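# Summary of structural features
Given next are the chains, with one letter for each unit.
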Amino acid sequence: VAHRIIEKIFGDGHTMQEAGRMMDESYDQIFNEAINELGLLLLRPEHTLDLARLRSGMNRVAMQNFFEILNDNKLTVVECEHIFERVQWSEASDGAVVESRADMVLRDENDNIVVLDFKWNQNGGKYQRKSLEQSTALQLYLYRMLAEREYKRSVRTAYLILPDMTLLSHDA
């Protein structure tokens, strides 16, 4: 649901100005649409607390923080839920194929590509920090490999920790 909220605000080719206007004018409607599309289970009485946590974490302030991250880093959204081309994994003897969908692909002011992977957790990304420190962030490695192949340039990757809206990356 959190992914869908972000996608509705920042995806579909919306400019940053349009995204800002949508946050100001339509956030509650966007949140409710995302619940109705992907989170109907959260409307059941036994999930009242889960819905309250989501509503608390994915509020206008959180979206404004993400908006500021994008603006401060001069990033524009290329696509949400980007599907990378399937790639034959040459190291696998069984003919395995690597296939992946990135949460968000962005472009910086120098036309460099940045791939974000959204992670929802309440501990500030402790696991993701550890995986970056130990160079075991396999998902980001795969995104980098697939994006460099597709875009034919070096690519930066990062986790976006939700609901904190914290960026974690090996890249500068």
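Heads up: the structure comes first, above all this text.
Overview of the structure. All chains use their own residue numbering, which begins from 1 and follows the written sequence. Whole-chain, interface and lining totals are the exception, using all residues; otherwise, since this is a predicted model, local features are given only for residues with pLDDT of at least 70 and side-chain atom pairs are given and counted only at 80 or more. Hydrogen atoms and water are omitted, and side-chain values are computed over all heavy atoms in the structure.

What follows concerns the overall build of the protein chain. When its secondary structure is counted, the protein chain shows 6 helices and 7 strands. Here a strand is any run of E in DSSP of at least two residues, a helix any run of H or I of at least four, and the numbering for each starts at the N terminus. Its helices and strands taken in sequence order, the protein chain reads α-α-α-α-β-β-β-β-β-α-α-β-β from the N to the C terminus. Here the globule rule is a power law, 2.2 Å times the number of residues to the power 0.38, and the radius of gyration is based on C-alpha atoms. Relative to a compact globule of 172 residues, whose C-alpha radius of gyration would be 16 Å, the protein chain shows 17 Å and is just as compact. Counting only C-alpha atoms, the protein chain reaches 50 × 40 × 30 Å along its principal axes. Exposure classes here rest on a 1.4 Å probe applied to the protein chains alone. A residue is buried below 20% of its type maximum, exposed above 50%, and partly exposed in between. In the protein chain, which comprises 172 residues, the proportion classed as buried is 42%. Sequence separation of 24 or more characterises 63% of the internal contacts of the protein chain that already satisfy a separation of 6 or more. For this analysis, residues touch if any pair of their heavy atoms sits within 4.5 Å.

One can describe the packing of helix H2 (residues 16-38) onto helix H3 (residues 48-57) by two numbers: an axis separation of 12 Å at closest approach and a directional angle of 140 degrees. What the angle tells us is that H2 and H3 run oblique. Our pair here, H2 against H3, has a crossing hand that is right-handed. On the side of H2, the interface is formed by Phe31, Asn32 and Ile35, while H3 contributes Leu51, Leu54 and Arg55. Amino acid classes used here: Ala, Val, Leu, Ile, Met, Phe, Trp, Tyr, Cys and Pro are nonpolar; Asp, Glu, Lys and Arg are charged; the rest, including Gly, are polar. Class assignment for the residues of the contact of H2 with H3 results in 4 nonpolar, 1 polar and 1 charged. Axes here mean lines fitted to C-alpha atoms, for a helix over just the part in contact, with angles spanning 0 to 180 degrees between N-to-C directions. An angle below 35 degrees is treated as roughly parallel, one above 145 as roughly antiparallel, one from 65 to 115 as roughly perpendicular, and anything else as oblique. For a crossing to be left-handed, the near helix must be turned anticlockwise from the far one by less than a right angle; the clockwise case is right-handed.

A separate point is the sheet that holds strand S5 (residues 113-120). Note: two strands are recorded as paired if DSSP finds a minimum of 2 bridges between them. Strand order in the open sheet formed by 5 strands is S1-S4-S5-S6-S7, with mixed pairing between adjacent strands. Edge positions in the open sheet fall to strand S1 (76-83) and strand S7 (166-168), since each of these has one partner strand only. For this sheet, the mean angle separating the axes of adjacent strands, direction not counted, is 30 degrees. By the bridge criterion, 4 bridges tie strand S4 (residues 101-107) to S5 in an arrangement that is antiparallel. What sits directly across from Val105, in S5, is Val115. Across the sheet, helix H1 (residues 2-10) touches S1, S4, S5 and strand S6 (155-162), and the angle it forms with S1 is around 135 degrees.

So, about the packing of H2 against helix H4 (residues 60-72). Where H2 contacts H4, the axes come no closer than 11 Å and their chain directions differ by 175 degrees. With respect to their mutual orientation, H2 and H4 come out roughly antiparallel. Between H2 and H4, the residues in contact are Met16, Ala19, Gly20, Met23, Asp24, Tyr27 and Asp28 and Arg60, Met63, Gln64, Phe67, Leu70 and Asn71, respectively. For the contact of H2 with H4, the residue count by class is 7 nonpolar, 3 polar and 3 charged.

The rule for a salt bridge is simple: a side-chain nitrogen of Lys or Arg has to be within 4 Å of a carboxyl oxygen of Asp or Glu. In the structure shown here, the tally under the stated rule is 12 salt bridges. One salt bridge in this structure joins Arg53 and Asp50, with 3.4 Å as the shortest N-O distance. Here Arg53 pairs with Asp50, and both are found in helix H3, just 3 residues apart, close to one helical turn. Classification of Arg53 by relative accessible area gives partly exposed; the value is 44%. When salt bridges that share partners are traced, they join Arg4, Glu7, Lys8, Glu33 and Glu37 into one network.

Now for the environment of Asn71. Tracing the backbone through its elements, the reader meets Asn71 in helix H4. Sequence separation of Asn71 and Asp108 is 37 residues, and the distance between their C-alpha atoms is 9.9 Å.

Below, the discussion takes up helix H6 (residues 138-151). The first and last C-alpha atoms of H6 sit 20 Å apart over 14 residues, in line with the 20 Å expected at 1.5 Å per residue. Among all positions in H6, only Leu140, Tyr143, Leu146, Ala147 and Tyr151 are buried. For H6, the arc enclosing every buried residue in end-on projection is 135 degrees, short of the 170-degree limit, so these residues lie on one face. Taken from the residues just after H6, Lys152 is the one with a positive phi, measuring 60 degrees. One less than the residue count of a helix, multiplied by 1.5 Å, gives the span that helix is expected to have. By definition, the arc is the one covered by directions from the helix axis to the C-beta atoms.

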